[in-house]
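Each chain, letter by letter, is given below.
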Amino acid sequence: MRLVYRHAGAPPGWDEALVLGAVQRAALAWSACGVPAEVISEAAASLGPPATLVWVQWSDAGSRGNFGLADLGGRSLSLGPAAFRLLATRNPRHPAFQTLQMVISHEMGHFFGLMAHSRRCIDVMSYYDNGRGEVCSTRDGGAHQAVPEYRALLPTACDIARCRAVNPPR
Ligand SMILES: [Zn+2]
């Protein structure tokens, strides 16, 4: 899988290298499931066949008001500038980078073939903030804490095991 990060439209205060680093960390972590993944520059992307790329971009239309949304058909992973701006306004002390890393890891997991969400809150593929009233479970049975982020920032061993199951070695 080849991913391209496009920084245009990022909310103020987000450094390109910082976000790119988060994309690269997520791609490296998910590649442990047996699917090679690399993050390439926009310049390099313009040279390759577009059908094989996944664009990581900032777009309120693409994210539909969420922090992030994966469009598998459109091969885009959209991050929501408005959602992150709102987070910074409402809760300036919240470590927003953690949210960014988790969101990138989560949405990228859908591109690695994980359609179903995990019911374990700790997994990066957990669904606890999907807004449909579904509740995940924590190890001690208590309610998860959205702040600080309860979910792992990168795929857990359990996420990787599920990813391996849907990507059998060829
Ligand atoms: Zn999801």
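Counting from 1, residues in each chain are numbered in the order their sequence is written. pLDDT decides what is reported in this predicted model: residues at 70 or higher carry local features, side-chain atom pairs at 80 or more are listed and counted, and totals for whole chains, interfaces and linings draw on all residues regardless. Side-chain numbers come from the whole structure's heavy atoms, not from hydrogens or water.

This part takes up the confidence of the model for the protein. Keep in mind that low pLDDT regions are not for reading the predicted coordinates in detail. The pLDDT value tells you how sure the predictor is about a given residue, anywhere from 0 up to 100. Looking at the protein, pLDDT values average 89 and 88% of them are 70 or higher. Helix and strand assignments follow DSSP, with helices taken as H or I runs no shorter than four residues and strands as E runs no shorter than two, numbered in order from the N terminus. Mean pLDDT values for the elements of the protein range from 84 in helix α2 (residues 42-45) up to 98 in strand β5 (residues 76-79).

Time to look at the state of the cysteines. Two cysteine sulfurs form a disulfide in these notes if their separation is within 2.5 Å. As enumerated under the stated definition, the model contains one disulfide in all. Residue Cys33 pairs covalently with Cys163 via a disulfide, S to S 2.2 Å. A residue pair is termed long-range when its members are at least 10 positions apart, and Cys33 in the loop between α1 (16-30) and β2 (38-40) and Cys163 in helix α6 (residues 157-166) qualify at 130 residues. Exposure classes here rest on a 1.4 Å probe applied to the protein chains alone. A residue is buried below 20% of its type maximum, exposed above 50%, and partly exposed in between. Under the relative-accessibility criterion, Cys33 is labelled buried at 2%. Classification of Cys163 by relative accessible area gives buried; the value is 0%.

Let's shift gears to the sheet that holds β2. A pair of strands is labelled paired if DSSP reports no fewer than 2 bridges between them. Read across the sheet, five strands follow the order β2-β1-β3-β5-β4 without closing on themselves; strand pairing throughout is mixed. Two strands close off the open sheet at either side, each with one partner strand: β2 and β4 (68-71). Put simply, the sheet's adjacent strands are angled 20° from each other on average, direction ignored. Taken together, the three bridges between strand β1 (residues 2-5) and β2 define a ladder with parallel strand orientation. Counted as the bridge partner of Arg2 is Glu38 from β2. Working rule for contacts: check all heavy atoms of both residues, and any pair within 4.5 Å makes them a contact. Here an angle of 0 to 180 degrees is reported between the N-to-C directions of two axes, which are lines fitted to C-alpha atoms, with helices fitted over the stretch in contact. With respect to the sheet, helix α5 (residues 96-111) is in contact with β1, β3 (53-58), β4 and β5, its orientation differing from that of β5 by roughly 160°.

Quick look at the packing of aromatic side chains now. Pairing of aromatic side chains here covers Phe, Tyr and the six-membered ring of Trp, requires ring centres within 6.5 Å, and sorts the geometry by plane angle: under 30 degrees stacked, over 60 edge-to-face, intermediate tilted. By the definition in use, this model includes five aromatic pairs. Ring centres of Trp14 and Phe84 lie 5.7 Å apart, and the angle between their planes is 85°; this geometry places the pair in the edge-to-face category. Of this pair, Trp14 sits in the loop between β1 and α1 while Phe84 sits in helix α4 (residues 81-90), placing them 70 residues apart in sequence. When the ring of Phe67 is compared with that of Phe84, the centres are 4.9 Å apart and the planes differ by 65°; the resulting orientation is edge-to-face. One end of the pair, Phe67, is in the loop between α3 (60-63) and β4; the other, Phe84, is in helix α4, with 17 residues separating them in the sequence. Overall, Phe84 belongs to the buried group, its relative accessible area being 2%. Put simply, the rings of Trp14, Trp58, Phe67 and Phe84 pair up and form one aromatic cluster.

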